[in-house]
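Below, each chain spelled out in residue letters.
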Amino acid sequence: MLKYYKLKPGLLILCFLPVGCAQGVSPDGPKPVVVITDLYSPAQDVGDNLDLINAYILPGVELKGVLLDCHNEFRKKVATNAGKGLYRDEDGPRDPGYSAVEQLNYIFRRNVPYGVGPFSPMKCKDDKMEYISEYENKGLDLLKEILEQSPEPVTLVSFGSLRILAVANNRYHDLLKSKVKEIHISGGTSNNHPGFLEWNVALDTIAFVSVMESGLPVNIYPCAAGVVKKEDESKFNAFVKDNNNTFYLLSSLNFVNSFPDRLKNYIQYALNREIKAGYLAILDSAFIADKSIFTTPHNTWETAIWMQVAGLKLTKRSNGEYTIMPGCLVNSDDVILKENLRPCTLRVKESGLFTYEFSEKGNCRLYEREDADKYEEWMNEAVPQFYIELTNKILKD
C-alpha cells in the first residue's frame, strides 16, 4: 500500500507462539483469511512485500488466497492520474506482484492461490464490471470460489483500494453476507478530518463509498492522522500518529540480519525493487549483500490489523520485557497497551471523506489505541526479538 510518496518500506512484525492457545489459535482452529493487497512488481511500497510475510506465519491464521489490487495508471512508465491528490509516479511501469507471492509460497512451502482484480476504476457504486476481461476477473473468481468452498465464514483483510471487494459485493451480495465473517480495512483519515483524502481511499473513491454503504461487517483502521500535534505540523498526515490511526515508525530493520537467508534474500529483492529472471533461484543463495541495507527507519501502518485479526496483545511483562502475545496468555501482573475496535456510526461522502461518532448501535467499528506515543515505543522494543524467533523457528522446522 503506497502512501503518497516513495516511502521507506514499512514492516509488520509479530511473534511465534506454541501450540493451542499458546499459539494464538482459536479452540475452533485457524481462522480462514483472504488478503487484498496493492502489491506490485517491481515493488512500489516495499511495506506491502514485507507485510504479506505475516499472512504466512501468523499463528491462528490460515491464508486462503491473495488478491492483487493493481491499477492501470501504475502500469504506465509515468503515472500522473492515479487518484485525487496522489503523487506522480515516475518509476513505472509495474505489473501485479505475482512474483512476491510465488517467492513466499516457495520459502514457506505453500501453494496459496492468487489472482488480480480489475485494473480500471469503478464507474458507479453498483458497478459489477461485467465488461472487464477474463484476466481481470481472476481475483473475483478466486474470492467467490474461496467463499463458496469454505465451511465457515472468512475474514477479509484489505491493504489497498476496495475495488475488488466492492465489485464482489455487487456481483455476489448474498454470498458475501453469509460467508464473510468480518472485513478489516486499512484506509482513511481519523478524527473526522474535513479534507485529507487518504491514499487507499483516493485510489478508487467510488469503491470505498460502495463498501461503506454495503452493510457488510466493516472494521476501519485509518492510516492518516486527523489530529496533528504542533511538533508534527510540517509532516504529511499519513506520517503522523494519533490515537485513532495506525501509523508508527519502526526505528530500524537491522534485526532482519538475524533472519534465515531465504527470507533476507526475499526482503533484499523487494528493497532493491528488482525484477529479473531467477527470482526463485536467488532465494537459495547465501545472503551476501551489505547488511546496512536493513538499518534505515521504516514507516508502518498494518500491524494493528493483524493484532486484531489474530487476537494478540502488545504487553509489558512484570519483569519489564515488552512482548506480543495472545490475550489468553496475559498474566494479571502484565500491562497491556489497550487497543480496541469501537462501534461507531460512520457517514461517508461521495468524495470518500467520512465522519463518525462512537455509538454502541453503530454501523461499523473503528480502531482506537490508548496512547500512540507509547505504542510506538513498545512496538520498537517488542518487535525485533519476536520476529527473529518467529522466522527462525518456522523456517527451521
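Scroll up a little and you will see the structure.
What counts and how
- Residues numbered from 1 in each chain as written.
- Predicted model: local features only at pLDDT ≥ 70, side-chain atom pairs only at ≥ 80, totals over all residues.
- Heavy atoms only, no water.
- Helix = DSSP H or I, 4+ residues; strand = E, 2+ residues; numbered from the N terminus.
- Buried < 20%, exposed > 50% of the residue type's maximum accessible area, 1.4 Å probe, protein only.
- Contact = heavy atoms within 4.5 Å.
- Areas by Shrake-Rupley, 256 points an atom, 1.4 Å probe, with all protein chains shown as cover.
- Lys, Arg positive; Asp, Glu negative; His and termini not counted.
- Charge placed at Lys NZ, Arg CZ, Asp CG, Glu CD.
- Salt bridge = Lys/Arg side-chain N within 4 Å of Asp/Glu carboxyl O.
- Phe/Tyr/Trp six-rings, centres within 6.5 Å; stacked < 30°, edge-to-face > 60°.
- Pairing = 2+ DSSP bridges.
- Axes fitted to C-alpha atoms, helices over the stretch in contact; angles between N-to-C directions.
- Polar contact = N/O pair within 3.5 Å; in protein donor to acceptor, adjacent residues only side chain to side chain.
- Disulfide = S-S within 2.5 Å.

**Thoughts on the overall build of the chain**
Reasoning step 1: In terms of helices and strands, the chain carries 10 helices and 16 strands.
Reasoning step 2: For the chain, the residues scored as buried account for 59% of the 397 residues in total.
Reasoning step 3: A separation of at least 24 residues holds for 76% of the contacts in the chain among residues at least 6 apart in sequence.
Reasoning step 4: In the structure as shown, the chain presents an accessible area of about 15800 Å², 48% of it carried by carbon and sulfur atoms.
Reasoning step 5: Side chains of the chain carry 45 positive and 52 negative charges; the gap between the two charge centres is 0 Å.

**Considerations on the pattern of salt bridges**
Reasoning step 1: Evaluation of the coordinates by the stated rule reveals 16 salt bridges.
Reasoning step 2: The residue Lys-125 makes a salt bridge to Glu-350 at a minimum N-O spacing of 3.3 Å. Here Glu-350 lies in the loop between strand 14 (339-348) and strand 15 (354-358) and Lys-125 lies in the loop between strand 5 (114-116) and helix 3 (138-149), a separation of 225 residues in the sequence.
Reasoning step 3: Using a relative accessible area of 55% as the deciding quantity, one classes Glu-350 as exposed.
Reasoning step 4: For the salt bridge of Lys-229 with Asp-373, the shortest nitrogen-to-oxygen distance reads 2.8 Å. Taken together, the residues span a long stretch of sequence, with Lys-229 in the loop between strand 8 (218-221) and strand 9 (248-250) and Asp-373 in helix 10 (residues 372-396) at a distance of 144 residues.

**Looking at the packing of aromatic side chains**
Reasoning step 1: Taken as a whole and judged by the stated rule, the model has 20 aromatic pairs.
Reasoning step 2: Judged by centre distance (5.9 Å) and plane angle (20°), the rings of Phe-74 and Trp-199 are stacked. Here Trp-199 lies in helix 6 (residues 199-202) and Phe-74 lies in the loop between strand 3 (61-68) and strand 4 (95-96), a separation of 125 residues in the sequence.
Reasoning step 3: For Phe-74, a relative accessible area of 2% gives the class buried.
Reasoning step 4: Note on Phe-247 and Trp-301: the rings are 5.4 Å apart at their centroids and 50° apart in plane angle, and the pair reads as tilted. Here Phe-247, found in the loop between strand 8 and strand 9, pairs with Trp-301, found in the loop between strand 10 (298-300) and helix 9 (303-310); they are 54 residues apart in sequence, far enough to count as distant. Trp-301 matches Phe-247 in its accessibility class, with the two residues each being buried.

**Thoughts on the sheet that holds strand 16 (residues 364-369)**
Whether parallel or antiparallel, the strands of a sheet pair through hydrogen bonds between backbone atoms.
Reasoning step 1: Reading across from one edge, 5-3-1-6-7-8-16-14-15 is the order of the 9 strands in this open sheet, with mixed pairing throughout. Every other strand in the sheet has two partners, leaving strand 5 and strand 15 as the edge strands with one partner each. Across the sheet, the mean angle separating the axes of adjacent strands is 30° when strand polarity is ignored.
Reasoning step 2: Sheet topology note: the strand 8/strand 16 ladder contains 2 bridges and is parallel. Directly across from Asn-219, in strand 16, lies its bridge partner Arg-365.

**As for the environment of Arg-163**
Reasoning step 1: Tracing the sequence through the fold places Arg-163 in helix 4 (residues 163-171).
Reasoning step 2: C-alpha separation for the pair Arg-163 and Ala-207, spaced 44 residues apart in sequence, amounts to 5.0 Å.
Reasoning step 3: Once residues lying within four places of it in the same chain are set aside, the contact partners of Arg-163 are Asp-69, Cys-70, His-71, Pro-118, Phe-119, Ser-120, Pro-121, Met-122, Met-129, Leu-203, Asp-204 and Ala-207.
Reasoning step 4: There is a polar contact of 2.9 Å between the side chain of Arg-163 and the side chain of His-71.

**Focus on the side chain of Asn-245**
Reasoning step 1: Of note, Asn-245 is situated in the loop between strand 8 and strand 9.
Reasoning step 2: One polar contact links the side chain of Asn-245 to the main-chain carbonyl oxygen of Cys-223, over a distance of 3.0 Å.
Reasoning step 3: Of the polar contacts made by the side chain of Asn-245, one reaches the backbone nitrogen of Asp-242; its length is 2.7 Å.
Reasoning step 4: Excluding residues within four positions of it along the chain, Asn-245 makes contact with Ser-190, Pro-222, Cys-223, Ala-224, Ala-225, Val-240, Tyr-367 and Arg-369.

**Let's talk about the pairing of strand 12 (residues 322-326)**
Reasoning step 1: With 5 of 5 residues buried, strand 12 is to be regarded as a mostly interior element.
Reasoning step 2: Relative to strand 12, strand 11 (residues 312-316) is paired through 5 bridges, and the arrangement is antiparallel. Bridge pairing in strand 12 places Leu-312 opposite Pro-326.

**Some words on the sheet that holds strand 12**
Reasoning step 1: In space, the 3 strands of this open sheet follow the order 12-11-13, with antiparallel pairing throughout. The two strands at the open ends of the sheet, each matched to only one other strand, are strand 12 and strand 13 (335-336).
Reasoning step 2: Packed on one face of the sheet, helix 10 meets strand 11, strand 12 and strand 13 and runs near 75° to strand 12.

**Considering the state of the cysteines**
Reasoning step 1: What the rule picks out here adds up to 0 disulfides.
Reasoning step 2: The thiol sulfur of Cys-70 is not disulfide-bonded, and the nearest other cysteine sulfur, from Cys-223, lies at 17 Å.
Reasoning step 3: On the accessibility criterion, Cys-70 (0% relative accessible area) is buried.

**Digging into helix 2 (residues 98-107)**
Reasoning step 1: When you tally the buried positions in helix 2, you get 8 out of 10 residues, the bulk of the element.
Reasoning step 2: Among the residues of helix 2, Tyr-98, Ser-99, Ala-100, Val-101, Gln-103, Leu-104, Asn-105 and Ile-107 are the ones counted as buried.
Reasoning step 3: Immediately beyond the C-terminal end of helix 2, within one or two residues, lies Arg-109, with a positive phi of roughly 55°.

**Brief notes about unusual backbone geometry**
Reasoning step 1: Across the junction of Ser-41 and Pro-42, the peptide omega takes the value -5°, indicating a cis bond.
Reasoning step 2: Inspection of the secondary structure assignment puts Pro-42 in the loop between strand 2 (40-41) and helix 1 (46-57).
Reasoning step 3: Even without being glycine, Met-129 reaches a positive phi, approximately 50°.
Reasoning step 4: Within the fold, Met-129 resides in the loop between strand 5 and helix 3.
Reasoning step 5: Positive phi, normally seen in glycine, also occurs at Asn-192, with a value near 55°.
Reasoning step 6: Here Asn-192 is to be found in the loop between strand 7 (180-186) and helix 6.
Reasoning step 7: The exposure class of Asn-192 is partly exposed, given its relative accessible area of 32%.

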